[in-house]
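Each chain, written out:
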Amino acid sequence: MKLTRNGTRVLAVGAAGLLLAGCGGSQSGGDRPDPKPSRSATDGGKTNGQKTGASGGPETKGPEETKQPGALPSAYDFTPAPERVPKTAAQARKLTRNAALGENDWSAGMVRHTPYESGGSWPVLAESCVWSRSALPAGILDSFTRRLDVPAQDGKGRVQGSVTVTVHRTVAGADTEMKDTVQESFRCPSQELGGGQRLSGLMSLHFDQKDVRNADASMFEAGKYAGPGSGGTQDYVWTKSRIGPVTTAVSVKGAKGYTNTDLLRIAAEGGAKVLYRVELELK
């Protein structure tokens, strides 16, 4: 699949349906160098960004609404409980570990990648379009990644998946991460991940908020991946979402025998489940 600006937008329309359909999955629960947050995250402002109702207090859900992950509301209106939003690094670490998907949470048959977990650092995309890692910026309380693979079987290669949960100090900081991420693919359509891994043909765009049913904001990226053991150039998909001050990112690196649609379905399932788990931590 050749990715052009128009072609990627067409792909994103189809991806939106798959990713939103992923919200209907029931709960059962790299790198770039990991599913990437933006390099430019800051504390993002002084407001906590909480939504309020007409009375000025937190919005509440109507009695007819359900917390089941299989339900698709007409619009996203979840508001984190203020007392549940992490204020310290320790509270953030608890949330990220609880929300990140483990080997029994994403999809049946997935296994741990090596390395399996990483946290406490931040990916930075240099002007050379090469990724490295640095200490967490002051505006971020914690960022944590788990990596899970679909093992090679039945003549197909090994698909590499990863999920990252990041807690910002403010909603504005998380929103800045979302906005800046799209610009990185325009600045660096080809990116070096290290260890011989490379992304190319990258294009990103934000989903229209009216189409997002399980987060305050979501975006999608697609391109090509190549690296050791990849069996050549493969499709690559990546999605990032935000609920309040928390962002989630899911990446899926393709393998022999898998179509782009296969990867989108894997990403949709993982993305929906991690967002549901974030809601459970914040409600």
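Now for a quick tour of the structure. (Residues numbered from 1 in each chain as written. Predicted model: local features only at pLDDT ≥ 70, side-chain atom pairs only at ≥ 80, totals over all residues. Heavy atoms only, no water.)

1. Here's the deal with the sheet that holds strand S8 (residues 217-226)
In step 1: Pairing is antiparallel in the open sheet, where eight strands are placed in the order S1-S4-S5-S10-S9-S8-S7-S6. Strands with a single pairing partner mark the edges of an open sheet, and in this sheet they are strand S1 (111-119) and strand S6 (191-194). Averaged over neighbouring strand pairs, the angle between their axes works out to 20° when direction is ignored.
In step 2: Alignment of strand S4 (residues 140-150) against strand S5 (residues 159-168), held across ten bridges, turns out to be antiparallel. Bridge pairing in S5 links Arg146 to Val163. (Pairing = 2+ DSSP bridges. Helix = DSSP H or I, 4+ residues; strand = E, 2+ residues; numbered from the N terminus. Axes fitted to C-alpha atoms, helices over the stretch in contact; angles between N-to-C directions.)

2. So, the environment of Val274
In step 1: Mapped onto the elements, Val274 comes out in helix H4 (residues 260-282).
In step 2: A relative accessible area of 0% means that Val274 is categorised as buried.
In step 3: Residues Val274 and Trp106, spaced 168 residues apart in sequence, show a C-alpha to C-alpha distance of 8.5 Å.
In step 4: In this structure, Val274 is in contact with Ala99, Leu101, Val163, Val165, Thr248 and Val250, ignoring residues within four places of it in sequence. (Buried < 20%, exposed > 50% of the residue type's maximum accessible area, 1.4 Å probe, protein only. Contact = heavy atoms within 4.5 Å.)

3. As for the layout of surface pockets
In step 1: Of the volumes computed, that of the second largest pocket is approximately 200 Å³.
In step 2: In terms of lining residues, the second largest pocket is bounded by Glu83, Arg84, Val85, Pro86, Lys87, Gln91, Lys94, Leu95 and Glu281.
In step 3: The biggest single contributor to the lining of the second largest pocket is helix H2 (residues 89-99), with three residues. (1 Å grid on protein atoms, 1.4 Å probe; cavity = no way out; pocket = protein on both sides within 12 Å on 5 of 7 lines; lining within 4 Å. Points joined across faces, edges and corners; volume = space filled by probe spheres on them.)

4. Some points on the environment of Thr247
In step 1: In this structure, Thr247 sits in strand S10 (residues 246-253).
In step 2: Separated by 70 residues in the primary sequence, Thr247 and Glu177 have C-alpha atoms spaced 8.4 Å apart.
In step 3: Those residues in contact with Thr247 that lie beyond four places of it in its chain are Thr164, Val165, Thr166, His168, Ala174, Glu177, Met178, Ser241 and Arg242.
In step 4: A polar contact is formed between the side chain of Thr247 and the side chain of Glu177, at a distance of 3.2 Å. (Polar contact = N/O pair within 3.5 Å; in protein donor to acceptor, adjacent residues only side chain to side chain.)

5. Regarding the packing of aromatic side chains
In step 1: Counted under the stated rule, the structure contains two aromatic pairs.
In step 2: Centre to centre, the rings of Tyr76 and Phe78 are 6.4 Å apart; their planes meet at 50°, and the pair counts as tilted.
In step 3: Taking the relative accessible area as the measure of exposure, Tyr76 reaches 11% and is therefore buried.
In step 4: Judged by centre distance (6.4 Å) and plane angle (25°), the rings of Phe207 and Phe220 are stacked. Of this pair, Phe207 sits in the loop between strand S7 (197-206) and S8 while Phe220 sits in strand S8; the two residues are 13 residues apart in sequence, bridging distant segments of the chain. The burial state of Phe207 is the same as that of Phe220; both residues are buried.
In step 5: Over the aromatic face of Tyr258 sits the side chain of Lys156, whose NZ or CZ is 4.8 Å from the ring centroid. (Phe/Tyr/Trp six-rings, centres within 6.5 Å; stacked < 30°, edge-to-face > 60°. Lys NZ or Arg CZ within 6 Å of the ring centre and 35° of its normal.)

6. Things to note about the pattern of salt bridges
In step 1: A complete count under the given rule lists 14 salt bridges for this structure.
In step 2: Notably, a salt bridge pairs Lys240 with Glu177, separated by 2.5 Å at the nearest N-O pair. Of this pair, Lys240 sits in strand S9 (residues 234-243) while Glu177 sits in helix H3 (residues 171-187), and the two are 63 residues apart along the sequence.
In step 3: A relative accessible area of 1% means that Lys240 is categorised as buried.
In step 4: Here Glu177 falls in the buried class, since its relative accessible area comes to 0%. (Salt bridge = Lys/Arg side-chain N within 4 Å of Asp/Glu carboxyl O.)

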